[in-house]
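Spelled out, the chains give:
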Amino acid sequence: CVSRYPDLFYRFLKIYLALQEGFMSKKVAVIMGSDSDLDTMRPCIQRLKSFGISTEVHIISAHRTPAAAERFASQARENGFGAIIAAAGKAAHLAGVLAAYTTLPVIGVPIKTSMMGGLDALLSMVQMPKGIPVACVAVDGADNAAILSAQMLALSDEALSDRLVQFKAGMAAEVEAKDHKIQMEEF
Ligand code: RP5
């Protein structure tokens, strides 16, 4: 059948793969400029896990391994990623370089280092030139990067959207419980 109708076969195969891709949940990449960023980024990885999002974690440096940064970002979409989180400190070009090679949303996490408290990395990420946006969270804002990426994926993932609603309801309940507790205090 394949040898008789090769065109038809490949057309069906293409439709099948496109459908598969549509049904498959997207992954989130967590890229760090150095293994020294890992401790700060652990809450991000854990939060993604708690949402049931498949994650890949890599060390890629915009300065020390620029070819790997290009390779990863330019293949990220076809490799099933829906968003990239990029964490780096100092002259933090990682998020911007990854964003240059992909149309996927890139979320930057500026990492606090001893020298300038993270302001250097923050400015390196938010001051992107026109045309190559990076969504930047707070200095060391690892958890928020995970939540933001989940919200991006949830645009086309109903089950994930429900998990986010539950997560927000849980946070609200915590605040309410704290408010309740503080009412017992005498000021
Ligand atoms: C950045 O420089 C890294 O993202 C890290 O935050 C910082 C220090 O890197 P190491 O010298 O510890 O590898 O590129």
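All of these numbers come straight from a predicted model, not from anything done at the bench.

K.L.:
Could you clarify how one ought to interpret the site of the ligand in this entry?
P.N.:
Around the ligand, a shell composed of G33, S34, S36, D37, R64, A88 and G89 is seen. In the environment of the ligand, an oxygen atom lies 2.8 Å from a nitrogen or oxygen atom belonging to the side chain of R64. At 3.0 Å from an oxygen atom of the ligand is found a main-chain nitrogen or oxygen belonging to G89. The fraction of the free accessible surface of the ligand (360 Å²) that becomes covered by protein chains is 75%.

K.L.:
Explain helix α7 (residues 158-182) here, please?
P.N.:
Residue pairs three or four apart in sequence face the same way in an α-helix, which turns once every 3.6 residues. Spanning 25 residues, α7 covers 37 Å between terminal C-alpha atoms, matching the ideal 36 Å at 1.5 Å per step. For α7, every residue scored as buried is listed here: L160, L164 and F167. Buried residues in α7 make contact with α2 (38-50) and α6 (142-153). Of the residues flanking the start of α7, the one acting as N-cap is D157, its side-chain oxygen 3.3 Å from the backbone nitrogen of A159.

Calculation criteria
Residues numbered from 1 in each chain as written. Predicted model: local features only at pLDDT ≥ 70, side-chain atom pairs only at ≥ 80, totals over all residues. Heavy atoms only, no water. Near = heavy atom within 4 Å. Polar contact = N/O pair within 3.5 Å; in protein donor to acceptor, adjacent residues only side chain to side chain. Areas by Shrake-Rupley, 256 points an atom, 1.4 Å probe, with all protein chains shown as cover. Helix = DSSP H or I, 4+ residues; strand = E, 2+ residues; numbered from the N terminus. Expected span 1.5 Å × (residues − 1). Buried < 20%, exposed > 50% of the residue type's maximum accessible area, 1.4 Å probe, protein only. Contact = heavy atoms within 4.5 Å.

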